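Here is what each chain is made of, one letter per residue.
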Amino acid sequence: MYVCEVSIEPKYSEFDMMGIIYHAHYLEWFELGRLQLSRNLGFDYFEMEQAGYISPVHEMKVEYKRGIRYGETVLLKTRVIENSGVKTAYGYEVYNGEGTLCVEGSSSHYVVRREDFKPVQFKKVFPEWYAALDEARKP
């Protein structure tokens, strides 16, 4: 299974009054991981959009285990956990600089036509991208 790793240096503005990362920023980081994973596999969501398709979020799950405090570095790990040809799901793990798992999450996405939001089969519209994600999902 391919795992994309991204190092993140949290910005001061991402912390709340308690000195920990504000919870909504993890969703932004998940997107960063998903986009980087795709780029690492040779694909870019901008090209998908230029072709008239988009990939909205269907479902997002986040489990907060430990807050990341100001001054800690972050390692985000992203992997493909499902690739059905219609829906693709990603798994995320966020670790602090000490290697402690702080947040786990997942997101699922469909590909739809931009013009009418009608779902399409990712497998048929972007077969090379689908195949790369499917290969990355395998153990």
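Residues numbered from 1 in each chain as written. Predicted model: local features only at pLDDT ≥ 70, side-chain atom pairs only at ≥ 80, totals over all residues. Heavy atoms only, no water.

Where we set the bar: UniProt positions are given in the numbering used here, feature names are shortened, and annotations may be inferred rather than shown by experiment.
The name recorded for the protein chain in an unreviewed UniProt entry is Acyl-CoA thioesterase, from Paenibacillus timonensis. Taken verbatim from the UniProt record of the protein chain, the Sequence similarities (unreviewed entry) comment is "Belongs to the 4-hydroxybenzoyl-CoA thioesterase family."

## What about the overall build of the protein chain?
For clarity, the threshold we go by: Numbering of helices and strands runs from the N terminus, with a helix taken as a DSSP run of H or I at least four residues long and a strand as a DSSP run of E at least two residues long. To get the radius of gyration, use the C-alpha atoms; to get the globule rule, take the number of residues to the power 0.38 and multiply by 2.2 Å. In this scheme, a residue with accessible area under 20% of its type's maximum is buried, one over 50% is exposed, and one in between is partly exposed, where area comes from a 1.4 Å probe on protein chains only. Only the protein chains shown count as covering a residue, and every accessible area follows the Shrake-Rupley method with a 1.4 Å probe. Charge counting treats Lys and Arg as positive and Asp and Glu as negative, with His and both chain ends excluded. One atom stands in for each charge, and that atom is NZ of Lys, CZ of Arg, CG of Asp or CD of Glu.
Along the protein chain, the regular secondary structure elements total four helices and seven strands. Helices (α) and strands (β) of the protein chain occur, in sequence order from the N terminus, as β-α-α-β-β-β-β-β-β-α-α. Here the C-alpha radius of gyration of the protein chain, 16 Å, is about what a compact globule of 139 residues would show, namely 14 Å. Seen through its principal axes, the protein chain has C-alpha atoms that stretch 45 × 35 × 20 Å. The buried share among the 139 residues of the protein chain stands at 40%. By element, 50% of the accessible surface of the protein chain is carried by carbon and sulfur atoms, the whole surface being about 7,800 Å². With 17 positive and 21 negative side-chain charges, the protein chain shows a separation of 6 Å between the mean positions of the two kinds.

## A word on the UniProt feature "domain: Thioesterase" (unreviewed entry) in the protein chain
Following the UniProt record, the feature "domain: Thioesterase" (unreviewed entry) maps to residues 18–102 here. Here residues 18–102 is 26% helix and 38% strand, with 16 Å between the C-alpha atoms at its ends.

## A word on a nonpolar patch on the surface
We count it as follows: Only residues whose relative accessible area exceeds 30% and that form no salt bridge enter a patch; like-charged residues are grouped when within 9 Å of one another, and nonpolar side chains (Val, Leu, Ile, Met, Phe, Trp, Tyr) when within 5 Å. We define a salt bridge as a side-chain nitrogen of Lys or Arg found within 4 Å of a carboxyl oxygen belonging to Asp or Glu.
Where nonpolar side chains cluster on the molecular surface, the patch consists of Leu 27, Val 57 and Met 60 and spans about 220 Å² of accessible area. With respect to the helices and strands, the residue Leu 27 is situated in helix H1 (residues 25–40).

## A short note on the nonpolar core
Grouped burial of nonpolar side chains is what soluble globular proteins tend to show. Cut-off, in case you're wondering: We define the nonpolar core as a collection of buried residues of types Ala, Val, Leu, Ile, Met, Phe, Trp, Tyr and Cys that are connected through side-chain atoms lying within 4.5 Å of one another. Only heavy atoms matter for contacts: two residues are in contact if any of them lie within 4.5 Å across the pair.
Within the largest apolar cluster, 30 residues are counted, with the highest numbers of intra-cluster contacts made by Tyr 26, Trp 29, Met 48, Ile 68, Val 94, Phe 122 and Trp 129. For this core, the secondary-structure elements that each account for two or more residues are strand E1 (4–8), H1, helix H2 (45–50), strand E4 (74–83), strand E5 (87–96), strand E6 (101–113) and helix H4 (127–137). Apart from residues no more than four positions distant in its own chain, Trp 129 is found in contact with Ser 38, Phe 43, Asp 44, Tyr 45, Met 48 and Phe 122.

## A short note on the packing of aromatic side chains
Stated formally: Put simply, two rings from Phe, Tyr or Trp (the six-membered ring, in Trp's case) pair if the centres are within 6.5 Å, and we call them stacked under 30 degrees between planes, edge-to-face over 60, tilted for the rest.
Evaluation of the coordinates by the stated rule reveals eleven aromatic pairs. Relative to Tyr 70, the ring of Tyr 12 lies with its centre 5.6 Å away and its plane at 90 degrees, an arrangement referred to as edge-to-face. Of the two residues, Tyr 12 sits in the loop between E1 and H1 while Tyr 70 sits in the loop between strand E3 (57–64) and E4, which places them 58 residues apart along the sequence. Residue classification places Tyr 12 among the exposed residues on the basis of a relative accessible area of 63%. When the ring of Phe 43 is compared with that of Trp 129, the centres are 5.4 Å apart and the planes differ by 10 degrees; the resulting orientation is stacked. Highlighted residues: Phe 43 in the loop between H1 and H2 and Trp 129 in helix H4, separated in sequence by 86 residues. The class of Phe 43 is buried, set by a relative accessible area of 18%.

## Examining the side chain of Arg 34
Tracing the chain through its elements places Arg 34 in helix H1. For the buried Arg 34, which has no salt bridge, the nearest side chain bearing the opposite charge is Glu 31, at an N-O separation of 4.2 Å. If we ignore the near neighbours within four places in the chain, the residues touching Arg 34 are Tyr 45, Thr 78, Tyr 90, Tyr 92 and His 109.

## A short note on the pairing of E1
Formally: Any two strands with at least two DSSP-identified bridges between them are counted as paired.
Side chains Cys 4, Val 6 and Ile 8 project from E1 onto a buried face, and the interleaved Glu 5 and Ser 7 project onto a face without burial. Two strands pair when backbone bridges link them, and E1 and E4 are joined in this way by five bridges, in the antiparallel orientation. Bridged to Val 6 within E4 is Leu 76.

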